[in-house]
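Listed below are the residues making up each chain.
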Amino acid sequence: MAQKNLHVAKQQKLDEFYTQIGDIERECSRYREQFKGKVIFLNCDDPVESNFWRYFALNFTRLGLKKLVATHFDREKSTYKLELTGDMNEDGTVNDDDIVKTPLKQNGDFRSDECIEILKEADVVVTNPPFSLFREYVAQLMEHDKKFLIIGSKNAATYKEIFQLIKQNTLWLGYGFAGGNAYFKTPHIKEFASGVYDEKTGLVKFRNISWFTNLDTSKRHEELTLFKQYNPDEYPKYDNYDAIEVSKVANIPVDYDGTMGVPITFLDSYNPEQFEILGNEYDLNIEKGRGYINGKRMYSRIFIKRRQQS
Ligand SMILES: C[S@@+](CC[C@H](N)C(=O)[O-])C[C@H]1O[C@@H](n2cnc3c(N)ncnc32)[C@H](O)[C@@H]1O
């Protein structure tokens, strides 16, 4: 039991890291048109700490928002929400003086009744939710049919539930972090190994982080330019599944019409008009859970097929 509590405490600490405003700006500026006239809800954001709040509050007028709401979470006690609806005091600008703070009866948990009521009124949810609750967090957004733009570990794309959403084209990856690296501020530096934590900047570095969204991106309509032609020597078939192994996304052959096993990084350049995702080892029921070539176990793959051009 003590061991379990320790694990939960550690997990909670690992949920506590804060996104940089530059990263928020870089991604959010790409969806400007989709934020216009909308109610934006930040449901995992202590407004005092959160750069999500800062970004949307500072850009309220420029983005043409209808309303901005953030709920503060505390494990132990009841908290509050902040709302910004425009130039309430009619001083000619939308600023901190227009913010309305209201107490919540509950603790600001995104699953609490109060937060769900706010969620129902919201158009777009934007945040970096706790990674340990990512599945549950996305399931709630889906249940309430919400638009969202959230940060998560790229590994989450391989979770059974999340992968199904990607396959059904109801969720996809956003534009991503500069150079594929995300740097976060954290109060729990001891939990991170040196090399991950940079003393000079006070930030921790994660390589495998992405934006997950169901807002449209121009990226998912861009064709992946392919250069390689298929030949059976370079693209062997799996022993246990009728597909060819493609070890790098850039090497996807331009002229192969059958099934191809590609690395998970394919999701960064996935255009559903160009390719169809058939599944992963799990949903395709691939024997021994992986593709094998000449008896050698391959990396985890996504199985895709080129869409026929009409
Ligand atoms: C990864 S941090 C990100 C914080 C902020 N969104 C940002 O990006 O700077 C996740 C935050 O969610 C909060 N949190 C944890 N569990 C929560 C829950 N059940 N409901 C709402 N917020 C929660 C944590 O306290 C933490 O501040």
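Note that this is a predicted model, so its numbers are computed, not measured.

Whether parallel or antiparallel, the strands of a sheet pair through hydrogen bonds between backbone atoms. Across the sheet, which stays open at both edges, the four strands sit in the order E1-E9-E11-E10 with antiparallel pairing between neighbours. Looking at the sheet topology across the chains shown, the edges are occupied by strand E1 (18-19) and strand E10 (197-198).

This brings us to unusual backbone geometry. A negative phi holds for most residues other than glycine; trans holds for most peptide bonds. Although it is not a glycine, Glu90 sits at a positive phi angle of roughly 50°. Tracing the sequence through the fold places Glu90 in the loop between strand E4 (80-84) and strand E5 (100-103). Taking the number of C-beta atoms within 10 Å as the measure of exposure, Glu90 has 8 and is therefore exposed.

Now for the sheet that holds strand E7 (residues 147-153). The eight strands lie next to each other as E5-E4-E3-E2-E6-E7-E12-E8, forming an open sheet whose pairing is mixed. Edge positions in the sheet fall to E5 and strand E8 (172-173), since each of these pairs with one other strand and no more. In this structure, strand E2 (residues 39-42) lies alongside strand E3 (residues 67-71), joined through four bridges in parallel fashion. Within E3, the residue paired with Val39 across the bridge is Lys67.

Attention now moves to the site of the ligand. Near the ligand you find 20 residues, and of these Tyr18, Thr19, Cys44, Phe73 and Asn128 are the closest. For the shell around the ligand, the elements supplying multiple residues, two or more each, are E1 and helix H4 (51-58). Along the lines of polarity and charge, the residues of the shell around the ligand split into nine nonpolar, six polar and five charged.

Before going further, it helps to examine the domain arrangement of the chain. Once the domains are mapped, the chain shows domain 1 (2-217) and domain 2 (222-306). Here the C-alpha centroids of domain 1 and domain 2 sit 33 Å apart. Across the boundary between the two partners, domain 1 contributes 10 residues, which contact 10 residues of domain 2. For the side of domain 1 that touches domain 2, the secondary structure elements donating two or more residues are helix H8 (160-167) and E8. Examining the composition of the side of domain 1 that touches domain 2, we find that four residues originate from one element, H8, more than from any other. Counted by class, the side of domain 1 that touches domain 2 contains five nonpolar, three polar and two charged residues.

Before going further, it helps to spend a moment on the nonpolar core. Within the largest apolar cluster, 66 residues are counted, with the highest numbers of intra-cluster contacts made by Ile40, Phe41, Phe56, Phe60, Leu68, Val126 and Ile304. When residues are assigned to domains, this core turns out to be shared by domain 1 (2-217) and domain 2 (222-306), each giving three or more. Leaving out residues up to four positions away in the same chain, Leu68 has contacts with Ile40, Phe56, Ala57, Phe60 and Leu84.

Attention now moves to the pairing of strand E6 (residues 124-127). Note that E2 and E6 share two bridges and pair parallel. Paired with Phe41 across the strands is Val125, a residue of E6. The sheet contact formed by E6 and E7 spans four bridges and is parallel. Counted as the bridge partner of Val126 is Leu149 from E7. Since E6 and E7 lie parallel, the crossover through helix H7 (residues 134-143) that links them has a hand, and here it is right-handed.

What counts as what
Along each chain, residue indices are assigned from 1 in the same order as the chain's sequence is written. For a predicted model such as this one, the threshold for reporting local features is a pLDDT of at least 70, and the threshold for listing and counting side-chain atom pairs is 80 or more; totals across whole chains, interfaces and linings nevertheless cover every residue. Any two strands between which DSSP finds at least two bridges are classified as paired. In this text, helices come from DSSP runs of H or I with a minimum length of four residues, and strands from runs of E with a minimum of two, each type numbered from the N-terminal end. Backbone-placed C-beta atoms define the burial measure: a residue is buried with 20 or more other C-beta atoms within 10 Å of its own, exposed with 12 or fewer, and partly exposed in between. Being near a molecule or strand means, for a residue, that its C-beta atom, positioned from the backbone, comes within 6 Å of it. In this classification, Asp, Glu, Lys and Arg are treated as charged, Ala, Val, Leu, Ile, Met, Phe, Trp, Tyr, Cys and Pro as nonpolar, and every other residue, Gly included, as polar. For every domain, the bounds stem from an assignment made automatically or drawn from a database. By the convention adopted here, residues make contact when the C-beta atoms placed from their backbones lie within 7 Å. Any set of buried Ala, Val, Leu, Ile, Met, Phe, Trp, Tyr and Cys residues joined through C-beta atoms within 7 Å is what this text calls a nonpolar core. Think of it like this: strands point away, you trace from the first strand over the helix to the second, and a clockwise trace means the crossover is right-handed.

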